[in-house]
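Summary of structural features
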Amino acid sequence: MRYADLHLHTYHSDGTRSPKEVIDVAQSHGLEIIAISDHDNLAAYYEIHPYARERGVTLISAIELSCLFESVDVHILAYAFDPHDERIDARLRGFRETRAQRGHAIVERLRTLGYDIKAERVDQLAGGGAMGRPHVARALVEAGYVASVAEAFDKLLGTGKPGYVEKERFRVSEAVSLIRGAGGVTSVAHPTLYPDHERLVPKLLDGGIDGIEVMHPDVDALNRERYTNLARFRGKMTTGGSDDHGSVKTSETLGTIKVPESMIGPILERL
Ligand code: AMP
Ligand code: FE
Ligand code: FE
Ligand code: ZN
């Protein structure tokens with residue numbers, strides 16, 4: 001039996017590890033099937049595909065998409081789509097551009113509030129990948145305004161906080177058709193993190209999402225069982241992953257979630 005982690009971030013979005021580090025650390029935990037699901041960016045897949053093959057790791061094309069569904073920010077994971085699909089490439093490039101503009105808008109807002117952080121530093125931290133609030137948060141930590149990324153979100157960057165700026169998002173229906181059109185499948189990321197999730201998740205399945213991420217550090221045993229049963233009852237798949245961002249969040253999670261390959265047949269059979 002092989003084990004998988006299907007939810008991982010690198011420095012091509014808001015993680016701190018390189019794709020190679022992700023593969024190496026994952027392998028050291030006995031993980032042999034890997035999906036790097038950066039926000040709005042496939043760069044890690046292209047970069048590490050040859051290395052993964054060399055190391056005997058099965059690499060699955062993946063992406064995490066921020067979607068708007070009934071005014072809730074829902075994250076949708078997409079897997080095993082054609083990584084060279086031109087529509088996906090164009091859409092992701094557009095999202096990365098608007099992410100950078102929005103990142104700069106957040107910096108401007110914070111500067112008017114008296115936080116002297118620099119757009120150039122946030123650009124550097126984003127490293128040309130998908131810029132996000134965690135990069136601004138790290139700049140705030142470096143400048144000494146907050147003690148941690150979590151505190152930056154609590155005080156300034158979280159929804160409705162003084163430095164919050166909306167981000168362009170997919171409609172769920174568009175995400176579904178885009179990924180299906182490229183031969184892939186979708187799954188509701190970290191289902192317990194949404195308000196009123198017991199009502200929301202079934203609606204997402206109605207909307208064409210193919211599965212639910214039942215194994216995740218923020219999904220407790222009771223909810224894992226609830227959503228495994230829901231998926232089974234609705235003929236949907238289940239997925240799982242550690243959502244590791246390296247050292248951005250207070251604890252690293254890579255290695256804490258080991259998804260048996262028997263769970264993810266619908267993804268593996270697409271490779
Ligand atoms: P963005 O895509 O720019 O809206 O930023 C969202 C990202 O910020 C998520 O993918 C998480 O990685 C991170 N994040 C969200 N909320 C928090 C929080 N309270 N503390 C630390 N990181 C967070
Ligand atoms: Fe993230
Ligand atoms: Fe997420
Ligand atoms: Zn994630």
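Computed from a predicted structure; not experimentally measured.

**Looking at the packing of aromatic side chains**
The relative placement of two aromatic rings is captured by the distance of their centres and the angle of their planes. Under the defined criterion, the tally for this structure stands at three aromatic pairs. Considering the side-chain rings of Phe95 and Phe170, the 4.5 Å spacing of their centres and the 35° angle between planes classify their relative orientation as tilted. One end of the pair, Phe95, is in helix α3 (residues 86-112); the other, Phe170, is in strand β6 (residues 170-171), and 75 residues separate them in sequence. Each member of the pair, Phe95 as well as Phe170, carries the same accessibility label: buried. Taking the ring centre of Tyr227 as reference, the NZ or CZ of Arg226 above it sits at 5.7 Å. One residue, Lys258, lies across the ring of Tyr3, its end atom 5.6 Å from the ring centre.

**A look at the domain arrangement of the protein chain**
The assigned domain composition of the protein chain is domain 1 (3-90 + 168-268) and domain 2 (100-157). Using only C-alpha atoms to locate each centre, domain 1 and domain 2 end up separated by 25 Å. For the pair domain 1 and domain 2, the summed buried surface comes to about 600 Å²; carbon and sulfur atoms form 58% of the total. The largest share of the area that domain 1 buries against domain 2 comes from Ser13, Asp14 and Val248, three residues that together contribute 54% of it. If you look at where domain 1 meets domain 2, you find zero salt bridges. Linking domain 1 with domain 2 are two residue pairs in polar contact (both at pLDDT 80 or more), by the criterion used here. Classifying every residue of the side of domain 1 that touches domain 2 gives two nonpolar, six polar and two charged.

**Focus: the site of ligand 1**
Surveying the vicinity of ligand 1 reveals 13 residues, the closest of which are His39, Arg102, Arg133, Lys167 and His245. The side chain of Arg99 places a nitrogen or oxygen atom 3.2 Å from an oxygen atom of ligand 1. At 2.8 Å from an oxygen atom of ligand 1 is found a main-chain nitrogen or oxygen belonging to Arg133. Relative to its free-state accessible area of 500 Å², ligand 1 is covered by the protein chains to the extent of 79%. Going through the elements one at a time, α3, α5 (133-142) and α6 (149-157) are the ones with two or more residues in the shell around ligand 1. Ranked by residues supplied to the shell around ligand 1, first place goes to α6 with three residues. Residues that form the shell around ligand 1 fall into these classes: four nonpolar, three polar and six charged. Lining the shell around ligand 1 are residues from two domains, each supplying at least three of them: domain 1 (3-90 + 168-268) and domain 2 (100-157).

Rules used in this analysis
- Residues numbered from 1 in each chain as written.
- Chains lettered and ligands numbered in written order.
- Predicted model: local features only at pLDDT ≥ 70, side-chain atom pairs only at ≥ 80, totals over all residues.
- Heavy atoms only, no water.
- Phe/Tyr/Trp six-rings, centres within 6.5 Å; stacked < 30°, edge-to-face > 60°.
- Helix = DSSP H or I, 4+ residues; strand = E, 2+ residues; numbered from the N terminus.
- Buried < 20%, exposed > 50% of the residue type's maximum accessible area, 1.4 Å probe, protein only.
- Lys NZ or Arg CZ within 6 Å of the ring centre and 35° of its normal.
- Domains from an automatic or database assignment.
- Buried area = accessible area lost by both parts, 1.4 Å probe.
- Salt bridge = Lys/Arg side-chain N within 4 Å of Asp/Glu carboxyl O.
- Polar contact = N/O pair within 3.5 Å; in protein donor to acceptor, adjacent residues only side chain to side chain.
- Nonpolar A, V, L, I, M, F, W, Y, C, P; charged D, E, K, R; others polar.
- Near = heavy atom within 4 Å.
- Areas by Shrake-Rupley, 256 points an atom, 1.4 Å probe, with all protein chains shown as cover.

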